[in-house]
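# Per-entry structural report
Here is what each chain is made of, one letter per residue.
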Amino acid sequence: MFDALEVVTTVIVGVMVGVEFSVAFVINPILNALPEDSGQLGRAHGGRMLGAVMPVWYIGSLALVAVWAFAGRHHQGTGLVVTAGALLVLSVIMSILLLVPINNRGKTWTPENRPADWKEQMNRWDRYHYGRVAVIIAAFALLAAALT
């Protein structure tokens, strides 16, 4: 049962990392290259869709890592799992303090009501998101290392 917990947790965190990596390095660059208002409309829709799903995924991943750390407290690699959990906590804090406020504004924008600095705000969101992606990649790598 413990082995299943390790694998399921690692896969769930890994898929989350893949989604966030894709947003940073595939989806947003595609949206940014679209003509006229298409990119801004796509980002607003993505903000609504992923804004509803990702909090559950982040908190669920953190909960699974906490269960793994507790259940495996006498196993080798627990320090790696605890450190991964700390990084996931950092990613949640980053999300709440830095990314969510921008996302909450951006998901309501249309070409008619967006602020003049909307591109600057999206660029700021992208920079914060790159940092968050780095943090969750590190967490994922630690979980993978803890499996061995």
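Refer to the structure presented above.
Parameters and conventions
Counting starts from 1 at the beginning of each chain's written sequence and moves along it residue by residue. Residue-level local features of this predicted model are given only where pLDDT is at least 70; pairs of side-chain atoms are given and counted only at 80 or more, and the full residue set underlies all totals for whole chains, interfaces and linings. With hydrogens and water excluded, all non-hydrogen atoms of the structure serve as input to the side-chain values. Working definition: helices are DSSP H or I runs of at least four residues, strands are E runs of at least two. Numbering for both runs from the N terminus. Note on exposure labels: buried denotes an accessible area under 20% of the residue type's maximum, exposed denotes more than 50%, and partly exposed covers the range between, all computed with a 1.4 Å probe on protein chains only. Surface exposure here means Shrake-Rupley accessible area, sampled with a 1.4 Å probe, where a residue is shielded only by the protein chains that are shown. Residues scored as positive are Lys and Arg, those scored as negative are Asp and Glu, and His as well as the terminal groups of each chain are ignored. The atom standing in for a charge is NZ when the residue is Lys, CZ when it is Arg, CG when it is Asp and CD when it is Glu. One speaks of a salt bridge when a side-chain nitrogen belonging to Lys or Arg is within 4 Å of a carboxyl oxygen belonging to Asp or Glu. Here the aromatic set is Phe, Tyr and Trp, taking the six-membered ring for Trp, and pairing holds for ring centres within 6.5 Å; pairs whose planes are under 30 degrees apart are stacked, those over 60 apart are edge-to-face, and all others are tilted. Distance and chemistry together define a polar contact, namely a pair of N or O atoms within 3.5 Å, with one atom able to donate a hydrogen and the other to accept it when in protein, and with adjacent residues in sequence counting only for side-chain atoms on both sides. Any two residues having at least one pair of non-hydrogen atoms within 4.5 Å are treated as being in contact.

## Points about the overall build of the protein
Counting its secondary structure elements, the protein contains 4 helices and 0 strands. When its helices and strands are written in sequence order, the protein yields α-α-α-α. Reported as C-alpha extents along the three principal axes, the dimensions of the protein are approximately 60 × 25 × 20 Å. For the protein, the proportion of its 148 residues judged to be buried stands at 36%. Accessible surface, the protein: about 8000 Å² in total, of which carbon and sulfur atoms supply 71%. In the protein, which carries 10 positive and 9 negative side-chain charges, the distance between the mean positions of the two groups comes to 5 Å.

## Digging into the pattern of salt bridges
Under the criterion given, the structure shown has 3 salt bridges. Between Asp-37 and Arg-114 there is a salt bridge whose closest N-O contact spans 3.0 Å. Placement of Asp-37 in the loop between α1 (2-33) and α2 (38-71) and of Arg-114 in the loop between α3 (78-106) and α4 (118-146) is noted, with a sequence separation of 77 residues between them.

## Observations regarding the packing of aromatic side chains
Scanning the entire structure with this criterion turns up 2 aromatic pairs. Look at Phe-21 and Phe-25: their rings are 4.7 Å apart centre to centre, the planes differ by 45°, and that puts the pair in the tilted class. Here Phe-25 and Phe-21 lie together in helix α1, a separation of 4 residues that amounts to about one turn. The exposure class of Phe-21 is partly exposed, given its relative accessible area of 40%. Among the residues examined, Phe-25 registers a relative accessible area of 44% and is labelled partly exposed. Both rings, one in Phe-25 and one in Tyr-130, keep their centres 5.4 Å apart while their planes meet at 20°; by these two values the pair is stacked. Of the two residues, Phe-25 sits in helix α1 while Tyr-130 sits in helix α4, which places them 105 residues apart along the sequence.

## Observations concerning unusual backbone geometry
Of note, the phi angle at Glu-36 is positive, near 50°, even though the residue is not glycine. Residue classification places Glu-36 among the exposed positions, given a relative accessible area of 77%.

## Some points on the environment of Ile-12
Looking at the secondary structure, you find Ile-12 in helix α1. Look at Ile-12 and you get partly exposed, because its relative accessible area is 29%. Taking the C-alpha atoms as reference, Ile-12 lies 9.7 Å from Tyr-58; in sequence the two are 46 residues apart.

## Considerations on the side chain of Ser-91
As for its placement among the helices and strands, Ser-91 is situated in helix α3. For Ser-91, a relative accessible area of 0% corresponds to the buried category. A polar atom in the side chain of Ser-91 sits 2.7 Å from the backbone oxygen of Leu-88. Dropping the residues within four chain positions of it, Ser-91 is found in contact with Tyr-58, Arg-132, Val-135 and Ile-136.

Purely spatial values, then, with no claim about function.
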